[in-house]
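# Architecture and fold: a report
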Amino acid sequence: MRSAQSLASTVTAPSSEPLLDVSGLTTVFALAGGREAAAVNNVSFTVGRGETLGLVGESGSGKSVTALSLIRLIQPPGRMTGGRILFEGQDLARLDERAMRRVRGRRIGFVFQEPMIALNPVYTIGFQIRETLEVHGLATGAAARRRAIELLEAVRVPDPARRADDYPHQLSGGLRQRAMIALALTAEPSLVIADEPTTALDVTVQAEILDLLRDMRRQFSLSLLLITHDLGVVAEMADRVAVMYGGRIVEQAATTSLFANPGHPYTQGLLACLPERAAGGRLTAIPGTVPPLGQWPAGCAFAPRCAHREPRCEAAVPGLTAVSATHDVRCVLAVAGAGGTP
Amino acid sequence: MTPLVNVQRLVKQFAHGGLWRARAGVRAVDDVSFAITRGETFGLVGESGSGKTTTGRCILRLIEPTSGRVEFDGRDVLALGASELRAARRHFQIVFQDPYSSLNPRMRVGDIVEEPLVIHRQGTRADRTARVAELFELVGLSRDQRRQYPHEFSGGQRQRIGLARALALNPSFVVLDEPVSALDVSVQAQVVNLLLDLQQKLGLTYLFIAHDLRLVRQICGRIGVMYRGRLVEVGTAADVFERAAHPYTRALLSAIPRLSPGARLERIPFDAAGFTPQPLKEHAPGHFAAV
């Protein structure tokens, strides 16, 4: 019987070419009255081999639509209108549905906030893993059964041989999340997209799942696109961070650089409004709310809430400014090469 | 000074927990005692199933406790008859977590805020209209928004409406049950600040129920930590966060993600199987732990 360790794909030699290279991704949604609005607007980013990119934003920022666009699961009234999604040498934006099905679940695994979306309630956990193995032609029969138990063992489900025969509803929230991670890893994908994987969990269970994802990343040489609104989770997990607001990436940086020198007023506001150790104090709030899709202003989407707003912010969307080699900021106040705060 | 709220040996046993078969009684709240002084914010933290929400609801008698005593301003709340309880309810109110399901979607928000005044027969129609306008401004909404429906408001605004309704009868005590956890991060801070402002302006006493430990530390004077229906630790924010005495509290604190990249603390595991209920003991003045 092969151990979980030996199943991990061999470590790829360091390569300058990223595993995932997204450029100009745009997805629009039809609104009432025939108008269309871009929920994801000209988004570009890369995820390197073995790297974790944190995609951060509030609800309505476009982060989940970005993830669904990558795996081509946008349904009407939504529609992807542009962009290139280079992944393992092919442009996912141009693949037909048949070819796309060989990528989804096989080369790109998913972990969602709510395990019940990904797990089928009428089949046992073990059956669902075996089915995935068989569909992708990776194992059948007794071999598939053994492999399913190994995977459950790898994600530290206690008593995996017995748990494989459990239905999803028989598992606790944390175990269900582990089963979903096992399912996501079944076909040994090179990229896992995790959309708010710990948001519904208690903090102690969240800590266990984050530890598990970290281990799996190493064991399976995974790249991880981690979508979250929680900057604490990002600080713990991500190598780099992209912050989304109003359908665009407004800041992208190495995690340490982002936390040390947040460059966009929105990122600064997000960090400032988190409760810190100063007891009994008021919090620093960002005024206003995220406007609904279709009501985003021309120019910088954050301008109406921004304390540093200038007339030019409302005139046009600012470009990205490289404040350092690893840190881009989409703000008119950002100074190229300044390395820090506008 | 007598506390405003005094909870003694509160127990809530749910008789049949199972959907398909009767299970042995589950003690959702198990021998919980604490007191809240006037003007204080007392935080109740714990994970799902710890009993923190049930405790809050038992205090307001939205759920009838199995046993124990709850004193409000010196009066035994659990001894009140139905009509006395209705009358007393104006003094203690609750704000719920989910601003999307806690407001009646078919009512104009002005009527939602006015409803408690109607139920308690407060003032004339004109008085009530003036009071509703005043409440809207108190929570940072425009009085012109009274005729709109809940769906026309964002989550943060809906929580302001829920707060205006809770404050309509001038309560002295408000249970805040995860009041900001359904809101976006950037909006949470606005609502927290509003809660702090209102407390100061109106002299409110809060029971703040939350799972966000960072937030609880920020705004609560004293904190109780619940685990499996038991209160395992009570103390000031500094006692609990800097001198945690109970192993569960330590495990819980070690699980909070750090905001500084690379500065991850070692997780402290907690032996759930080895947990046995213990009475609270005073380890230092005002700092109690069940060890």
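In this report, the structure presented in the accompanying data block is examined. (Residues numbered from 1 in each chain as written. Chains lettered and ligands numbered in written order. Predicted model: local features only at pLDDT ≥ 70, side-chain atom pairs only at ≥ 80, totals over all residues. Heavy atoms only, no water.)

## Some words on the overall build of chain A
A count of helices and strands for chain A gives 13 helices and twelve strands. Counting the 342 residues in chain A, one finds 55% classified as buried. When contacts within chain A are restricted to residue pairs at least 6 apart in sequence, long-range pairs at least 24 apart make up 64% of them. (Helix = DSSP H or I, 4+ residues; strand = E, 2+ residues; numbered from the N terminus. Buried < 20%, exposed > 50% of the residue type's maximum accessible area, 1.4 Å probe, protein only. Contact = heavy atoms within 4.5 Å.)

## Some details on the overall build of chain B
When helices and strands are tallied, chain B shows nine helices and twelve strands. What you see for chain B is a C-alpha radius of gyration of 20 Å, in line with the 19 Å of a compact globule of 291 residues. Oriented by its inertia axes, the alpha-carbon framework of chain B measures out at about 60 × 50 × 50 Å. Nonlocal contacts in chain B, meaning residues at least 24 apart in sequence, comprise 65% of its contacts between residues at least 6 apart. As displayed, chain B offers around 13,200 Å² of accessible surface, 50% of which is attributable to carbon and sulfur atoms. (Rg over C-alpha atoms; globule rule 2.2 N^0.38 Å. Areas by Shrake-Rupley, 256 points an atom, 1.4 Å probe, with all protein chains shown as cover.)

## Thoughts on the side chain of Arg-158 of chain B
Relative to the assigned elements, Arg-158 of chain B resides in helix 5 (residues 155-167). Ignoring any residue separated from it by four or fewer positions in sequence, one finds Arg-158 of chain B in contact with Pro-99, Tyr-100, Leu-103, Pro-150, His-151 and Phe-153 of chain B.

## Here's the deal with the pattern of salt bridges
Applying the stated criterion across every chain, the model contains 36 salt bridges over all chains. With a closest N to O distance of 2.8 Å, Arg-214 of chain A and Asp-211 of chain A form a salt bridge. One end of the pair is Arg-214 of chain A and the other is Asp-211 of chain A, both in helix 9 (residues 203-219) and three residues apart, which spans about a single turn. Taking the relative accessible area as the measure of exposure, Arg-214 of chain A reaches 13% and is therefore buried. A salt bridge links Arg-27 of chain B to Asp-30 of chain B; the nearest nitrogen and oxygen atoms lie 3.1 Å apart. Shared partners join several salt bridges into a network, and the residues in it are Asp-211, Arg-214 and Glu-236 of chain A together with Arg-267 of chain B. (Salt bridge = Lys/Arg side-chain N within 4 Å of Asp/Glu carboxyl O.)

## With respect to the interface of chain B and chain A
Chain B puts 30 residues into the contact, and the matching count from chain A is 40 residues. The contact between chain B and chain A buries some 3,000 Å² in all, and 54% of this surface belongs to carbon and sulfur atoms. Three residues, Val-185, Gln-218 and Leu-259 of chain B, lead the burial of chain B against chain A; their summed loss comes to 22% of the area buried on that side. Summed over the shared surface of chain B and chain A, the number is four salt bridges. Residue Asp-211 of chain A is joined to Arg-267 of chain B by a salt bridge in which the shortest nitrogen-to-oxygen separation is 3.0 Å. If you look at where chain B meets chain A, you find twelve residue pairs in polar contact (both at pLDDT 80 or more). Every element with two or more residues in the side of chain B that touches chain A is listed here: helix 6 (185-202), helix 7 (213-219) and helix 9 (247-254) of chain B. When residues of the side of chain B that touches chain A are assigned to their parent elements, the largest contribution, nine residues, is made by helix 6 of chain B. In the side of chain B that touches chain A, the residues fall into 14 nonpolar, eight polar and eight charged. (Buried area = accessible area lost by both parts, 1.4 Å probe. Polar contact = N/O pair within 3.5 Å; in protein donor to acceptor, adjacent residues only side chain to side chain. Nonpolar A, V, L, I, M, F, W, Y, C, P; charged D, E, K, R; others polar.)

## Details of the environment of His-229 of chain A
Relative to the helices and strands, His-229 of chain A resides in the loop between strand 8 (223-228) and helix 10 (231-237). Those residues within four positions of His-229 of chain A in sequence are excluded, and the remaining contacts are Gly-57, Lys-63, Glu-196 and Thr-199 of chain A together with Val-185 of chain B. A distance of 3.1 Å separates a polar atom in the side chain of His-229 of chain A from a polar atom in the side chain of Glu-196 of chain A.

## Details of the packing of aromatic side chains
Residues and elements named next belong to chain B. Per the stated rule, a full pass over the model turns up 13 aromatic pairs over all chains. Their ring planes at 80° and their centres at 4.8 Å tell us that Tyr-227 and Phe-275 sit as a pair that is edge-to-face. With Tyr-227 in strand 9 (residues 222-227) and Phe-275 in the loop between helix 9 and strand 11 (281-284), this residue pair connects regions lying 48 residues apart in the sequence. A single burial state applies to Tyr-227 and to Phe-275, both of which are buried. A centroid spacing of 5.4 Å and a plane angle of 70° characterise the contact between Tyr-248 and Phe-270, whose relative ring orientation is edge-to-face. Taken together, the residues span a long stretch of sequence, with Tyr-248 in helix 9 and Phe-270 in the loop between helix 9 and strand 11 at a distance of 22 residues. Grouping aromatic residues by their ring pairs yields a cluster made of Tyr-227, Tyr-248, Phe-270 and Phe-275. Against the face of Phe-14 rests Lys-12, its NZ or CZ located 5.2 Å from the ring centre. (Phe/Tyr/Trp six-rings, centres within 6.5 Å; stacked < 30°, edge-to-face > 60°. Lys NZ or Arg CZ within 6 Å of the ring centre and 35° of its normal.)

## Notes on the sheet that holds strand 7 (residues 191-195) of chain A
Residues and elements named next belong to chain A. Strand order in the open sheet made by the eight strands is 6-7-8-3-9-10-12-11, with mixed pairing throughout. At either end of the open sheet lies a strand with only one pairing partner, and these are strand 6 (108-111) and strand 11 (321-324). The average angle at which neighbouring strand axes cross in this sheet is 20°, direction not considered. Here strand 9 (residues 240-245) pairs with strand 10 (residues 248-254) via six bridges, running antiparallel. Its bridge partner being in strand 10, Met-244 is matched across the sheet by Ile-249. On top of the sheet, helix 8 (residues 173-185) reaches strand 6 and strand 7; it is set at about 170° to strand 6, its chief contact. (Pairing = 2+ DSSP bridges. Axes fitted to C-alpha atoms, helices over the stretch in contact; angles between N-to-C directions.)

## Some remarks on the nonpolar core
Phe-208 and Ile-223 of chain B are the most contacted members of the largest nonpolar core, which has 87 residues in total. At nine residues, helix 6 of chain B tops the list of elements feeding residues into this core. Not counting the four nearest positions on each side in its chain, Phe-208 of chain B is found in contact with Thr-41, Phe-42, Gly-43, Leu-44, Leu-176, Pro-179, Leu-195, Leu-215, Val-216, Ile-219 and Cys-220 of chain B. Among the nonpolar cores identified, the runner-up in size contains 36 residues, and Leu-119, Ile-125, Leu-185 and Leu-210 of chain A belong to it. (Core = buried A, V, L, I, M, F, W, Y, C linked by side-chain atoms within 4.5 Å.)

## Regarding helix 9 of chain A
Residues and elements named next belong to chain A. Between its first and last C-alpha atoms helix 9 spans 24 Å; for 17 residues at 1.5 Å apiece the expected length is 24 Å, and the two agree. Taking burial as the measure, the 17 residues of helix 9 include 13 buried ones, the bulk of the element. The first or second residue beyond helix 9 is Ser-221, which carries a positive phi of 50°. (Expected span 1.5 Å × (residues − 1).)

## Some details on unusual backbone geometry
Only a minority of non-glycine residues have a phi that is not negative, and only a minority of peptide bonds are not trans. All names here are of chain A. In this structure, Pro-77 follows Pro-76 across a cis peptide bond, with omega equal to 10°. Turning to its location among the elements, Pro-77 is positioned in the loop between helix 2 (63-70) and strand 4 (78-87). With a phi close to 50°, Asp-159 is a non-glycine residue in the positive phi region. Inspection of the secondary structure puts Asp-159 in the loop between helix 6 (141-154) and helix 7 (160-163).

## A look at the pairing of strand 9 of chain A
Residues and elements named next belong to chain A. Of all six residues in strand 9, six are buried, a share of seventy percent or more. Pairing of strand 3 (residues 52-56) with strand 9 involves four bridges; the strand directions are parallel. Pairing of Gly-54 across the sheet is with Val-241, part of strand 9.

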